[in-house]
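Chain residues, written in single-letter form:
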Amino acid sequence: MLDALVWFISNIGQAFINTGYAITHPGQWLSWIGGLETTEDKQALMRFVYYGGSTEFFFVVFTTFLIITAVGLWRNSFMWGCVRVLEGIANTVGRFFAWAGLLMVLQQIMIIFMQRIFTVAEISLIFGVDWLTKDVSWWAEELKLYNAMIVSLCATYTFVQGGHVRVDLVYSAISFRAKRVVDMFGSLVFMMPAAVVTWMYGWYFLWRHLVTPKVSASDKIELLMKKARILKWNIETIGFSPNGFNAYFLFKVLLVAFAGMVFLQSIAFFYRSYLERKEGPASEGKYLDRDSLGEGEEAYEGTH
């Protein structure tokens, strides 16, 4: 038990050193952005891959959360500011990618119209541009990408808007402050760990479909440095059908984005729950930016 406590505290202390080193030596993990021209660039990419799903990165994020929380406990106005920023990110991203639903419908109509009326085998968004000319089956399979965008990037937006279904056994019967305690517990015990686990698995799942040789969560940094000598891009372009959608690596990107946004929203939800519990019922929904159906539609508010 003592060893675990020492390990935990030492990793928090090491997080300050790791953060300082990463900020002062960006080339050690970002030089690959300009291309994989040298061995140093390849090693930088391997460091980026390794530390993106590492214990070190977790404790950097965790320590940052502890510091921000400590400042927020001292200055509640700062914590409210964090809530507004994090919920604003969820709302902005969600409202933008919600338009993917309209694109999905319009594209499906276009596919049916072009395939059934004109019986064409290919559809081109811009005539004469080869990379925008794809088989009908490609466009049909690509609809799944729009659906994935809505699910992954609008999940936290829906959470902020109160649109998720909630199974309520005791929640409605308890007091206002007790509800906030339940919300705080849920954000820390369920939302955060689930987001962290999803990130840890999704991060390496993503990179295994972007580079070769393959990387694994069990690989040590020394092994990855050796692999860096033969590292090259190998972006997944295999579809389920010969002429079907061939950018399935984007789904892996969305998985990682989903995990990151859920983690940020769990922080916002924890902060909001704490502040509402402290300030009382008058603070419920404070600074909450929820969409409205407009004048005359009040009866439907909250039913979605």
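Heads up: the structure comes first, above all this text.
Residues numbered from 1 in each chain as written. Predicted model: local features only at pLDDT ≥ 70, side-chain atom pairs only at ≥ 80, totals over all residues. Heavy atoms only, no water.

Novice: Residue-level account of the nonpolar core, with values.
Specialist: Among soluble globular proteins, nonpolar side chains are generally buried collectively. Counting 37 residues, the largest nonpolar core has Leu45, Met46, Val49, Trp207 and Val215 as the members making the most contacts within it. Put simply, the parts of the chain that give this core at least two residues each are α3 (39-52), α6 (100-116), α7 (136-153), α9 (176-207), α10 (221-227) and α11 (249-279). Sorting elements by how many residues they give to this core places α7 first, with eight residues. In this structure, Cys82, Leu86, Met192 and Ala268 belong to the second largest nonpolar core, which totals 19 residues. (Core = buried A, V, L, I, M, F, W, Y, C linked by side-chain atoms within 4.5 Å. Buried < 20%, exposed > 50% of the residue type's maximum accessible area, 1.4 Å probe, protein only. Helix = DSSP H or I, 4+ residues; strand = E, 2+ residues; numbered from the N terminus.)

Novice: Mind laying out the packing of aromatic side chains, listing which residues take part and the relevant values?
Specialist: The relation between two aromatic rings is expressed through the spacing of the ring centres and the mutual angle of the planes. Across all of its chains, the model carries 29 aromatic pairs by this definition. Aromatic side chains Trp138 and Trp139 sit 4.9 Å apart centroid to centroid with 80° between the ring planes, which places their arrangement in the edge-to-face category. The exposure class of Trp138 is buried, given its relative accessible area of 12%. On the accessibility criterion, Trp139 (5% relative accessible area) is buried. Note on Tyr248 and Phe251: the rings are 5.3 Å apart at their centroids and 20° apart in plane angle, and the pair reads as stacked. Clustering of aromatic rings is evident, with ring pairs tying together Trp29, Trp32, Phe48, Phe57, Trp199, Trp203, Trp207 and Trp233. The residue whose ring lies beneath Lys134 is Trp138, and the NZ or CZ to ring-centre distance is 5.4 Å. Here Arg180 stacks its cationic end above the ring of Phe176, 4.5 Å away from the centre of that ring. (Phe/Tyr/Trp six-rings, centres within 6.5 Å; stacked < 30°, edge-to-face > 60°. Lys NZ or Arg CZ within 6 Å of the ring centre and 35° of its normal.)

Novice: Requested: an account of α7, with residues and values cited.
Specialist: Look at α7: 26 Å from first C-alpha to last across 18 residues, which is about the 26 Å you get at 1.5 Å a residue. Those residues of α7 that fall on the buried side of the exposure criterion are Val136, Trp138, Trp139, Glu141, Glu142, Leu143, Leu145, Tyr146, Ala148, Ser152 and Leu153. If you follow the buried residues of α7, they end up packed against α5 (76-97), α6, β1 (122-124), β2 (133-135), α8 (155-160) and α11. (Expected span 1.5 Å × (residues − 1). Contact = heavy atoms within 4.5 Å.)

Novice: Run through the environment of Leu132, naming residues and quoting values.
Specialist: The residue Leu132 is located in the loop between β1 and β2 in this model. In this structure, the C-alpha to C-alpha distance between Leu132 and Met184, residues 52 residues apart in sequence, is 48 Å. Setting aside chain neighbours within four positions, we find Leu132 in contact with Ile123, Ser124, Leu125, Ile126 and Trp139.

Novice: Give me the lowdown on unusual backbone geometry, citing residues and values where you can.
Specialist: Omega for the peptide link from Thr212 to Pro213 comes to 0°, which places this bond in the cis form. In this structure, Pro213 sits in the loop between β3 (211-212) and α10. For Tyr287, which is not a glycine, the phi torsion comes out positive at approximately 60°. Relative to the helices and strands, Tyr287 is located in the segment after α11. In this structure Tyr287 comes out as partly exposed when scored by relative accessible area, which is 42%.

Novice: Give a description of the packing of α5 against α7 that names residues and reports values.
Specialist: Contact geometry for α5 and α7: axes closest at 9 Å, N-to-C directions at 160°. When the axes of α5 and α7 are compared, the pair comes out roughly antiparallel. Handedness of the crossing formed by α5 with α7: left-handed. Across the interface between the two elements, Val93, Gly94 and Phe97 of α5 pack against Met149, Ile150 and Leu153 of α7. Taken together, the residues of the contact of α5 with α7 break down into five nonpolar, one polar and no charged. (Axes fitted to C-alpha atoms, helices over the stretch in contact; angles between N-to-C directions. Parallel < 35°, antiparallel > 145°, perpendicular 65-115°, else oblique. Left-handed = near helix turned anticlockwise from the far one by under 90°. Nonpolar A, V, L, I, M, F, W, Y, C, P; charged D, E, K, R; others polar.)

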